[in-house]
Amino acid sequence: MSLRVGILTGGGDCPGLNAVIRAVVRRATLEEDAEVLGVSNGWRGLIEDDLKPLTRSSVAGILPRGGTILGTSRTNPNDGDDFPERIRATWESHRLDALIVVGGEGTLRAARDMWHEHGLQLVGVPKTIDNDLDGTDFPFGFDTAVNTVMEAVDRLHSTAESHHRIMVIEVMGRNSGWIAAYGGIAGGADVILVPEHPFRISRVCELLRHRERQGSAFSIIVVAEDAHPHPDEDFLDAEAKEQIYRHGRLGGIGLYLAREIERQTDIDTRHASLGYTQRGGSPSAFDRVLATRFGVRAFEMVLERQWGQMAALRCNKVVSVPLDDAVRKIKRLDDEIYRVAEVFFG
Ligand code: F6P
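Rules used in this analysis
- Residues numbered from 1 in each chain as written.
- Predicted model: local features only at pLDDT ≥ 70, side-chain atom pairs only at ≥ 80, totals over all residues.
- Heavy atoms only, no water.
- Core = buried A, V, L, I, M, F, W, Y, C linked by side-chain atoms within 4.5 Å.
- Buried < 20%, exposed > 50% of the residue type's maximum accessible area, 1.4 Å probe, protein only.
- Helix = DSSP H or I, 4+ residues; strand = E, 2+ residues; numbered from the N terminus.
- Domains from an automatic or database assignment.
- Salt bridge = Lys/Arg side-chain N within 4 Å of Asp/Glu carboxyl O.
- Patch = residues over 30% accessible without salt bridge, like charges linked within 9 Å, V, L, I, M, F, W, Y side chains within 5 Å.
- Areas by Shrake-Rupley, 256 points an atom, 1.4 Å probe, with all protein chains shown as cover.
- Contact = heavy atoms within 4.5 Å.
- Buried area = accessible area lost by both parts, 1.4 Å probe.
- Pairing = 2+ DSSP bridges.
- Axes fitted to C-alpha atoms, helices over the stretch in contact; angles between N-to-C directions.

Here the focus is the nonpolar core. Ile 7, Ile 100, Phe 140, Ile 221 and Ile 261 are the most contacted members of the largest nonpolar core, which has 84 residues in total. Counting residues per element, this core draws most heavily on helix α5 (residues 142–163), which supplies eight residues. Taken domain by domain, this core gets at least three of its residues from each of domain 1 (3–140 + 283–327) and domain 2 (142–280). Formed by 26 residues, the second largest nonpolar core is a distinct cluster that contains Trp 43, Leu 46, Val 101 and Ala 110.

Next up, the structure:
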């Protein structure tokens with residue numbers, strides 16, 4: 001009887017998703033009798049019965065491609081009363097034996113629920129550019145995003161230097177500062193602002209004035225999209241806060257921070273938001289290898305019937321950890337990384 005395994009990619013896309021899909025399909029072909037079915041657009045494909053067979057030719061040439069050939073969505077099985085029932089119906093009609101769920105915190109939390117509450121035999125693969133998933137040293141997607149930020153910071157150095165300006169660069173990361181810290185350190189930023197450490201605008205401006213007094217012709221600030229001013233020095237009014245932090249759609253702190261810096265320092269200041277460029281492009285070598293390792297491991301976890309577990313990187317070994325551990329809380333920026341970044345402020 002053929003082993004029929006579904007795979008879905010859910011949540012925000014990122015480079016490396018296709019490497020996982022390819023690895024799962026290629027690992028499956030080593031089995032006597034196994035089939036892989038691609039689920040379109042995350043959990044929505046199981047709700048809408050939108051699956052298609054994946055073969056070796058389906059995944060030929062997709063390793064270097066960003067995004068996901070399956071498509072993705074932020075649809076959550078918990079969002080509809082009849083969604084679990086429809087998912088179960090699709091599962092039965094395609095005679096699925098197992099599901100591999102590739103996603104971030106939201107997608108994997110849903111996977112945890114679908115296993116615990118509805119008995120779906122599934123395993124998870126950690127995906128996110130944010131690196132905020134607990135339980136794994138790194139997900140795939142983060143390294144590529146950091147390289148994108150680093151390259152942008154390098155580019156913006158030249159224009160800031162030519163115009164003797166302060167350049168504020170806003171990056172993603174949802175509620176954590178991993179992308180800002182790694183991208184800022186790699187790009188040589190002069191100040192890095194992260195959600196884990198609310199910033200005092202007076203200190204930021206003093207660092208920038210100090211640089212100017214030292215003869216620096218420019219400064220680069222990397223700010224995470226969910227970074228907040230310290231409550232004692234909150235320069236954002238209610239309208240600004242609504243614009244920047246409205247639920248589920250972060251963005252805009254870079255603009256308001258640049259305006260406040262220019263007002264307080266009288267130094268020419270501009271801002272740039274890297275936005276969705278951090279989610280695009282071809283995966284880095286690190287992410288291609290990690291995603292491939294996760295995909296192979298996930299298929300083998302299916303063979304081992306390790307339901308409710310997630311492939312994870314621990315001390316450069318790929319292991320399996322309970323989904324419960326992965327989604328219990330988000331992984332905040334490590335203090336050691338932030339202390340290293342602070343050495344270079346100003
Ligand atoms: O989780 C990845 C991410 O890019 C976050 O960094 C960002 O805050 C969010 O997704 C954007 O969500 P959406 O793609 O739904 O606009």
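Taken as a whole and assessed by the stated rule, the structure comprises 26 salt bridges. Linking Asp 82 and Arg 86 is a salt bridge whose minimum nitrogen-to-oxygen distance equals 3.6 Å. By relative accessible area, Arg 86 is classed as partly exposed at 32%. Its salt-bridge partner being Asp 325, residue Arg 328 comes within 3.2 Å of it at the nearest N-O pair. Residue Arg 328 is classed as exposed on the basis of its relative accessible area of 58%.

What follows concerns a nonpolar patch on the surface. A surface patch of nonpolar side chains, amounting to about 360 Å² of accessible area, comprises Ile 185, Val 340, Val 343 and Phe 344. With respect to the secondary-structure elements, Val 340 resides in helix α12 (residues 335–343).

For the protein, the assigned domains are domain 1 (3–140 + 283–327) and domain 2 (142–280). Look at where the C-alpha atoms of domain 1 and domain 2 centre, and you get two points 34 Å apart. Each side of the interface is counted separately: domain 1 has 17 residues, and domain 2 has 15 residues. For the pair domain 1 and domain 2, the summed buried area comes to about 1,300 Å², and 49% of that belongs to carbon and sulfur atoms. Considering only the surface of domain 1 that becomes buried against domain 2, Ile 129, Asp 130 and Asn 131 emerge as the three largest contributors, covering 42% of it.

This brings us to the sheet that holds strand β7 (residues 191–193). Read from one edge of the open sheet, four strands run β7-β8-β6-β9, paired in parallel fashion. Since the sheet does not close on itself, it has two edges, and those belong to β7 and β9 (269–273), each with one partner. Strand-to-strand, the axes of this sheet are offset by a mean angle of 20°, without reference to chain direction. In this sheet, strand β8 (residues 219–224) lies alongside β7 in parallel orientation, the contact comprising three bridges. Along β8, the bridge assignment pairs Val 191 with Ile 221. Here helix α9 (residues 253–265) sits on the sheet and contacts β6 (166–171), β7, β8 and β9; the angle it forms with β6, its principal contact strand, is near 160°.

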